[in-house]
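Tertiary structure, described
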Amino acid sequence: MPSASCDTLLDDIEDIVSQEDSKPQDRHFVRKDVVPKVRRRNTQKYLQEEENSPPSDSTIPGIQKIWIRTWGCSHNNSDGEYMAGQLAAYGYKITENASDADLWLLNSCTVKNPAEDHFRNSIKKAQEENKKIVLAGCVPQAQPRQDYLKGLSIIGVQQIDRVVEVVEETIKEGVCEIWLTSEDTGAYGRDIGTNLPTLLWKLVEVIPEGAMLRLGMTNPPYILEHLEEMAKILNHPRVYAFLHIPVQSASDSVLMEMKREYCVADFKRVVDFLKEKVPGITIATDIICGFPGETDQDFQETVKLVEEYKFPSLFINQFYPRPGTPAAKMEQVPAQVKKQRTKDLSRVFHSYSPYDHKIGERQQVLVTEESFDSKFYVAHNQFYEQVLVPKNPAFMGKMVEVDIYESGKHFMKGQPVSDAKVYTPSISKPLAKGEVSGLTKDFRNGLGNQLSSGSHTSAASQCDSASSRMVLPMPRLHQDCALRMSVGLALLGLLFAFFVKVYN
């Protein structure tokens, strides 16, 4: 593997942000003035027949097909989805067929060497197929001088902090599960005068019944400051009782060498408190095997921690030296020793069954996706434990009551209760193409009585409770005026719908 020629050492992933990148306080200062930009197309220009449109290999932007591939953590996946949304808003077509794409957007991660290997191989394949390439993520920004990156377009590390707006907009397209993710979710707000619990209480106010919020990774130091409030939030019915808290090692000496800002006692304090205050909570954690300087005794302390807590979700990573980091300059644990320790810890992890005692339970689960083998739908219960259910299309995106009849190392299987109610998130149904939101039921009824045409093209969606509360009662004297106004608004809505069709 080629080595990187870096002039400075990197202590952590945050160090790859350049001096030119905006600081958190800068983003906070200007974010109220930031609005998404959507390109407005010229109406007459796009009234042409499809066959007269420019070919996909044209240099005119906004018409090409783009294939996006993301590796790494959930934060990286979030960035990938965000970029896909921005590109789609500008007219690009996002395709799942790599060979059919005009451009490949490769979104990388530095956390694991195998992911970087796949990233490098994908670049090579794209070049062999004469694809245009754009690189994103932390690999190209951390190691810009690598030979295989020369001559390629690179997007630096980006951060998305308009969380509440994203949640509100997501709730409108019918999404029923929301992930709040970051390199360290617990650190939220420290630079802008707020904190994570304050944000979470605001979020649960706008998340409807039937939808769920999942918190991302948080390191022990920051969550220690808010344990009481975090326990209350994790007990909320619309928040998964789940938290990813990386420990990395159960040896304080190893944690010190890693420059971690906590000790093993801090980790145990967080886990013990949450397990007491949030009954049944799922704690996921990470372990690095073979960090430079790790002794057999250090490793055995880690094994004892896993045996004590029996984490149902454990991410075991063999240490890889990242070129340019201080750890890469330290004396390394022999590769065979690292490999053996990884195997030994994996054996301990697979020695216990975390879900056997749940067979026979009746659980309410949220169905969100299809299993890898396409045989089941994947759902999660209140503790974010994976439950496989039959592939009934009516279940997707819904809360379903199931009886647990089987368990495995990483999952349970549930049989839907006969005649059980399927719960739908209490959100408005997404508008059909051409429909206009905001017109109340009274307005529509008035239109129905006044318009002479028997067949009427609906220009309004069904009013939800929120918009009903916004309607103010009006004196009877002004009803005729209001009706004329409603007719005008409806005609305006129909005109808007016409232009929506033209634009699309």
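Refer to the preceding data block for the structure.
Structure report, in brief. (Residues numbered from 1 in each chain as written. Predicted model: local features only at pLDDT ≥ 70, side-chain atom pairs only at ≥ 80, totals over all residues. Heavy atoms only, no water.)

Describing the pattern of salt bridges
Quick reminder of the rule: Salt bridge criterion: a side-chain nitrogen from Lys or Arg within 4 Å of a carboxyl oxygen from Asp or Glu. Numbering of helices and strands starts at the N terminus; helices are DSSP runs of H or I of at least 4 residues and strands are runs of E of at least 2. For the exposure calls, accessible area comes from a 1.4 Å probe over protein chains only, and a residue counts as buried if that area is under 20% of its type's maximum, exposed if over 50%, partly exposed in between.
Applying the stated rule across the entire model yields 11 salt bridges. Between Lys268 and Glu308 there is a salt bridge; the shortest N-O distance is 3.7 Å. With Lys268 in helix 10 (residues 264-277) and Glu308 in helix 11 (residues 296-309), this residue pair connects regions lying 40 residues apart in the sequence. For Glu370, the salt bridge goes to Lys391, with nearest N and O atoms at 2.7 Å. Here the residue Glu370 occupies a position in strand 11 (residues 362-370), and Lys391 occupies one in the loop between strand 13 (386-389) and strand 14 (399-407), the gap between them amounting to 21 residues. Classification of Glu370 by relative accessible area gives partly exposed; the value is 38%.

What to know about the pairing of strand 6 (residues 177-180)
Which entries qualify depends on this criterion: Any two strands are treated as partners once DSSP identifies two or more bridges connecting them. By convention, a crossover is right-handed whenever its connection, traced from the first strand over the helix to the second and viewed with the strands pointing away, goes clockwise.
The pairing of strand 6 with strand 7 (residues 212-215) spans 4 bridges and is classified as parallel. Across the sheet, the residue bridging to Trp179 is Arg214, located in strand 7. Following the backbone out of strand 6, through helix 6 (residues 196-206) and into the adjacent parallel strand 7, one traces a crossover that is right-handed.

Some words on the packing of helix 11 against helix 13 (residues 335-349)
The following threshold applies: Fitted lines through C-alpha atoms serve as axes, helices being fitted only where they are in contact, and the angles separating the N-to-C directions of these axes extend from 0 to 180 degrees. For this classification, under 35 degrees means roughly parallel, over 145 means roughly antiparallel, 65 to 115 means roughly perpendicular, and everything else is oblique. By definition, any crossing whose near helix is turned counterclockwise from its far helix by less than a right angle is left-handed, and any crossing with a clockwise turn is right-handed. In this analysis, two residues are considered to be in contact whenever any of their non-hydrogen atoms come within 4.5 Å of each other. For this classification, the nonpolar set comprises Ala, Val, Leu, Ile, Met, Phe, Trp, Tyr, Cys and Pro, the charged set comprises Asp, Glu, Lys and Arg, and every other residue, Gly included, is treated as polar.
Look at helix 11 against helix 13: their axes get within 10 Å of each other, and the N-to-C directions meet at 20°. On the basis of their axis angle, the class for helix 11 and helix 13 is roughly parallel. Viewed along their axes, helix 11 and helix 13 form a crossing whose handedness is right-handed. The segment helix 11 lies against helix 13, with Asp296, Phe299, Thr302, Val303, Val306 and Glu307 engaging Arg341, Asp344, Leu345 and Val348. Grouping the constituent residues of the contact of helix 11 with helix 13 by class yields 5 nonpolar, 1 polar and 4 charged.

Overview of the sheet that holds strand 15 (residues 412-416)
What links the strands of a sheet is backbone hydrogen bonding, and the strands pair in either a parallel or an antiparallel sense. Reading around the circumference, 11-12-13-15-14 is the order of the 5 strands in this closed barrel, with mixed pairing throughout. Averaged over all adjacent pairs, the angle separating strand axes in this sheet is 55°, with direction ignored.

So, helix 13
How we decide: By this rule, a helix spans an expected 1.5 Å times one less than how many residues it contains. The arc in question is traced by the directions running from the helix axis to the C-beta atoms.
Under the 1.5 Å per step criterion, the end-to-end length of helix 13 is 21 Å for 15 residues, consistent within 8% with the ideal 21 Å. Considered for burial, the residues of helix 13 that qualify are Lys338, Arg341, Thr342, Leu345, Val348 and Phe349. For helix 13, the buried positions fall inside an angular range of 125° around the axis, keeping them on one side. Opposite the buried face of helix 13, at more than 90 degrees from it, the exposed residues are Gln336 and Arg347. The elements touched by buried residues of helix 13 are strand 9 (282-289), helix 11 and strand 10 (313-318).

Thoughts on the nonpolar core
Stated precisely, the cut-off is as follows: What is meant by a nonpolar core is a set of buried Ala, Val, Leu, Ile, Met, Phe, Trp, Tyr and Cys residues, joined one to another through side-chain atoms within 4.5 Å.
Grouped together as the largest cluster of nonpolar side chains are 54 residues, with contacts concentrated most on Leu200, Leu213 and Leu274. Of all the elements, helix 10 adds the most residues to this core, at 6 residues. Setting aside residues up to four positions removed in sequence, Leu213 forms contacts with Ile178, Leu180, Leu200, Leu203, Ile207, Arg238, Val239 and Tyr240.

A short note on the pairing of strand 4 (residues 132-137)
Across the 6 residues of strand 4, 5 count as buried, placing the element largely inside the fold. Examined bridge by bridge, strand 3 (residues 103-108) and strand 4 share 6 bridges and lie parallel to one another. By the bridge assignment, Leu103 is partnered in strand 4 with Lys132.

Description of the sheet that holds strand 8 (residues 242-244)
If you trace the 3 strands from one edge of the open sheet to the other, you get 8-9-10, paired in parallel fashion. Each edge of the open sheet is held by one strand with a lone partner, namely strand 8 and strand 10. With direction set aside, neighbouring strand axes in the sheet form an average angle of 15°. When strand 8 meets strand 9, the two strands line up parallel, connected through 3 bridges. Looking at strand 9, one finds that His244 is bridged to Ala284.

Here's the deal with the packing of aromatic side chains
Going by this rule: Ring geometry is summarised as follows: Phe, Tyr and Trp rings, the Trp one being its six-membered ring, pair when their centres sit within 6.5 Å, and such pairs are stacked at plane angles under 30 degrees, edge-to-face over 60 and tilted between the two. Two conditions define a charge located above a ring, namely a distance within 6 Å from the ring centre to NZ of Lys or CZ of Arg, and an angle within 35 degrees of the ring normal.
Throughout the structure, instances matching the rule amount to 9 aromatic pairs. Ring geometry for Trp67 versus Trp104: centroids 4.7 Å apart, planes at 65°, classification edge-to-face. Here Trp67, found in strand 1 (residues 65-70), pairs with Trp104, found in strand 3; they are 37 residues apart in sequence, far enough to count as distant. Note on Trp67: relative accessible area 15%, which makes it buried. With 5.8 Å between their ring centres and 80° between their planes, Trp71 and Phe119 make a pair best called edge-to-face. With Trp71 in the loop between strand 1 and helix 2 (74-89) and Phe119 in helix 3 (residues 113-128), this residue pair connects regions lying 48 residues apart in the sequence. With a relative accessible area of 0%, Phe119 lands in the buried category. Members of the aromatic cluster, connected to one another through ring pairs, are Trp179, Tyr240, Phe242 and Tyr384. For the cation-ring pair, Arg214 lies above Trp179, with the distance from its terminal atom to the ring centre recorded as 3.8 Å.

Details of the side chain of Thr282
The condition is simple: Under the rule applied, a polar contact is a pair of N or O atoms within 3.5 Å (in protein, one hydrogen donor and one hydrogen acceptor; residues adjacent in sequence only if both atoms are side-chain atoms).
With respect to the secondary-structure elements, Thr282 resides in strand 9. Residue class for Thr282 comes out buried when judged on its relative accessible area of 5%. Engagement of the side chain of Thr282 in a polar contact is seen with the backbone oxygen of Phe383, the distance being 2.7 Å. Discounting residues that sit within four places of it in the chain, Thr282 has contacts with Ala241, Phe242, Leu243, Pro312, Phe383 and Glu385.

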